[in-house]
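Geometric and topological summary
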Amino acid sequence: MRQAGLIAGAAATALVAAGAITYAVAGDDGGGRTPSADSADAGFARDMAVHHQQAVEMSYIVRDRTKDEAVRRLAYDIAQTQANQRGMLLGWLDLWGLPKVSSKPPMTWMDMGDTASAKDGALMPGMATNSEMKKLGELSGKQAEVFYLQLMTDHHQGGVHMAEGCADRCVVGVEKRLAQGMVDAQQSEIRLMADMLKERGAAPRS
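Residues numbered from 1 in each chain as written. Predicted model: local features only at pLDDT ≥ 70, side-chain atom pairs only at ≥ 80, totals over all residues. Heavy atoms only, no water.

Of the regular secondary structure elements, the protein chain holds 6 helices and 0 strands. Going from N to C terminus, the protein chain has its helices and strands arranged as α-α-α-α-α-α. Looking at the protein chain residue by residue over its 206 residues, the buried ones come to 44%. In the protein chain, the share of contacts with a sequence separation of at least 24, taken over all contacts with a separation of at least 6, comes to 76%. When the accessible surface of the protein chain is split by element, carbon and sulfur atoms take 55% of a total near 10200 Å². (Helix = DSSP H or I, 4+ residues; strand = E, 2+ residues; numbered from the N terminus. Buried < 20%, exposed > 50% of the residue type's maximum accessible area, 1.4 Å probe, protein only. Contact = heavy atoms within 4.5 Å. Areas by Shrake-Rupley, 256 points an atom, 1.4 Å probe, with all protein chains shown as cover.)

Structure follows, in structure tokens:
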């Protein structure tokens, strides 16, 4: 119980700190300019918030479908990290006075609005379909672990592509740094998940 309390306390502290950073430095290195609704900064914040939300959902699903501590620990880390980052992205949109949704297709800010697929709920690169999310919730044990690791590998690959786009196109310094941090962390987790899949006699889907 004490350990659980420490984890909860640390998570709460991290969220408070993230909130302070969001409002203190969301405009740094941007020349004091508020990004426009059509900017890469706003587009990335909106789209990655949606992308992250699915990763959080997948991670909590698999934590209920397996007792494997390695997978549960990875899922918890991904859920906490991406929920935290999602809060920062939405916080920036609030600070900038910009809408959290857009009438334009996802990925328009990367000039991919006409190519991003919405097939069966997969709105952006790497996102799982509604059918895949349903399947994950029906599997258990090793099957759930393998399917989660495969889905999350695809999800991270799509997320890296988007984050690289922001690192290149965004103008707000703190957002560019967050995007580059996502690239580095998710590439590391992709390598970790490849090893975890191999341990379970499986491999990434692509």
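Here we take up the nonpolar core. F44 and L89 are the most contacted members of the largest nonpolar core, which has 31 residues in total. Sorting the residues of this core by element identifies α2 (40-63), α3 (69-96), α5 (141-169) and α6 (173-199) as the ones contributing at least two each. Leaving out residues up to four positions away in the same chain, L89 has contacts with F44, A45, M48, A49, E175, L178 and M182. Counting 21 residues, the second-largest nonpolar core is a separate cluster that includes I78, L136, V146 and M196. (Core = buried A, V, L, I, M, F, W, Y, C linked by side-chain atoms within 4.5 Å.)

Our next topic: the environment of I78. In this structure, I78 sits in helix α3. I78 gets classed as buried once you look at its relative accessible area, which sits at 1%.

Turning to α3, a few remarks are in order. Across its 28 residues, α3 extends 41 Å between first and last C-alpha, which sits within 8% of the 40 Å expected from 1.5 Å per residue. Structurally, the start of α3 carries an N-cap: the backbone nitrogen of A70 is 3.1 Å from a side-chain oxygen of D68. One or two positions beyond α3, positive phi appears at G97, with a value near 70 degrees. (Expected span 1.5 Å × (residues − 1). Polar contact = N/O pair within 3.5 Å; in protein donor to acceptor, adjacent residues only side chain to side chain.)

Counting through the fold element by element, E145 comes out in helix α5. On the basis of relative accessibility, which here comes to 8%, the residue E145 falls in the buried class. The residues touching E145, leaving out its near neighbours within four places in the chain, are T66, D68, V71 and R200.

With that out of the way, let us pick up the environment of R200. For R200, the location among the structural elements is in the segment after α6. Residues R200 and Q143, spaced 57 residues apart in sequence, show a C-alpha to C-alpha distance of 9.4 Å. One polar contact links R200 to E145, side chain to side chain, over a distance of 2.9 Å.

By the definition in use, this model includes 2 aromatic pairs. Both rings, one in F44 and one in W109, keep their centres 5.7 Å apart while their planes meet at 75 degrees; by these two values the pair is edge-to-face. With a gap of 65 residues between them, F44 in helix α2 and W109 in the loop between α3 and α4 (130-138) connect regions that are remote in the sequence. Just as F44 is buried, W109 falls in that class too. Looking at K135, its charged tip hangs above the ring of F147, at a distance of 4.5 Å from the centre. (Phe/Tyr/Trp six-rings, centres within 6.5 Å; stacked < 30°, edge-to-face > 60°. Lys NZ or Arg CZ within 6 Å of the ring centre and 35° of its normal.)

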